[in-house]
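Notes for the structure review
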Amino acid sequence: MHGMSSLDRVKVLVLGDSGVGKSSLVHLLCQNQVLGNPSWTVGCSVDVRIHEYKEGTPAEKTYYTELWDIGGSVGSASSVKSTRAVFYNYVNGIILVHDLTNKKSSQNLYRWSLEALNRDLPPTGVLVTNGDYDREQFADNQIPLLVIGTKLDQIPEQKRNDVLSRTAFLAEDFNAEEINLDCTNTRYLAAGSSNAVKLSRFFDKVIEKRYFSRDSTQIPGFPDRKRLGSGMPKSFHYD
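Notes on the structure in this doc start here. In this text the structure is predicted, and so the values were computed from the model without any measurement.

1. Some points on the sheet that holds strand 5 (residues 145–150)
Read across the sheet, six strands follow the order 2-3-1-4-5-6 without closing on themselves; strand pairing throughout is mixed. Only two strands of the sheet have a single neighbouring strand rather than two, namely strand 2 (44–53) and strand 6 (177–180). On average, adjacent strands in this sheet sit at an angle of 25 degrees to one another, irrespective of strand direction. Bridge analysis of strand 2 against strand 3 (residues 61–70) gives 10 bridges, and the strand direction is antiparallel. Residue pairing across strands places His-51 opposite Tyr-63, the latter belonging to strand 3. In the packing of helix 3 (residues 103–117) onto the sheet, contacts are made with strand 1 (8–15), strand 4 (93–99) and strand 5, and the angle to strand 4 comes to roughly 160 degrees. Sheet strands in contact with helix 5 (residues 160–173) are strand 4, strand 5 and strand 6, and its direction is about 145 degrees off that of strand 6.

Have a look at this one:
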């Protein structure tokens, strides 16, 4: 395999309320192991997953997928939001994380995604009359989204159907695939499982959009390839 530094990379945001398990999820996705002792994420932490694009085909190629775990809460003051907005530059994909036992965390995904996608728009007209979100806002979104529900193990068997049909609507609103899992158990992402396939398809889509789609240069705010590294925090580098 050629030198690590020559690998192309994509940037994927991991968004969702504090406490939904974003750090545990990122650890599972990148290290393929359970995070022993999660702590609160302050600001932003970045981890890297090596992804085989179009695995098993002649077009297979290795990419770095950077997972940017953004801390904080969606209801925070605009000063906090503007500080956070710096992390939203040059984004290639977004993973929206909610806790299946906490309905509020699911509802807040609308606000998180709008903050990330329309980072320069004032928060007007977000809600339409009856308190539902306007699906049209996501209709022309070019950035691939994936919805992940955590703490699946904590939903009692008799409630599971209700909860999962509610989250299916959520994923549909975002025009996104969804995965529901328990981050303390690696078997939910076992190789060859339908979750692993969905995950792989999502990362393929992110890479496809960034490097192979005809219109990839037209996404506003995207740098050309030479400057891709410029969105990186200075302290963050690969060995």
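Moving on, there is more to tell.
2. A look at the packing of helix 3 against helix 5
At their nearest, the axes of helix 3 and helix 5 sit 10 Å apart, and the two run at 10 degrees to each other. Judged on the interaxial angle alone, helix 5 and helix 3 are roughly parallel. Only Arg-166, Leu-170 and Asp-173 of helix 5 make contact with helix 3, whose side of the interface consists of Lys-103, Ser-106, Leu-109 and Tyr-110. Classifying every residue of the contact of helix 3 with helix 5 gives three nonpolar, one polar and three charged.

3. Quick look at the pattern of salt bridges
One side chain can pair with another of opposite charge once the charged atoms of both are near each other. What the rule picks out here adds up to five salt bridges. The closest approach of N and O atoms between Glu-66 and Arg-9, which form a salt bridge, is 3.7 Å. Residue Glu-66 is located in strand 3, and its partner Arg-9 is located in strand 1; the two are separated by 57 residues in the primary sequence. A relative accessible area of 2% places Glu-66 in the buried class. Classification of Arg-9 by relative accessible area gives buried; the value is 18%.

Conventions we followed
- Residues numbered from 1 in each chain as written.
- Predicted model: local features only at pLDDT ≥ 70, side-chain atom pairs only at ≥ 80, totals over all residues.
- Heavy atoms only, no water.
- Pairing = 2+ DSSP bridges.
- Helix = DSSP H or I, 4+ residues; strand = E, 2+ residues; numbered from the N terminus.
- Axes fitted to C-alpha atoms, helices over the stretch in contact; angles between N-to-C directions.
- Contact = heavy atoms within 4.5 Å.
- Parallel < 35°, antiparallel > 145°, perpendicular 65-115°, else oblique.
- Nonpolar A, V, L, I, M, F, W, Y, C, P; charged D, E, K, R; others polar.
- Salt bridge = Lys/Arg side-chain N within 4 Å of Asp/Glu carboxyl O.
- Buried < 20%, exposed > 50% of the residue type's maximum accessible area, 1.4 Å probe, protein only.

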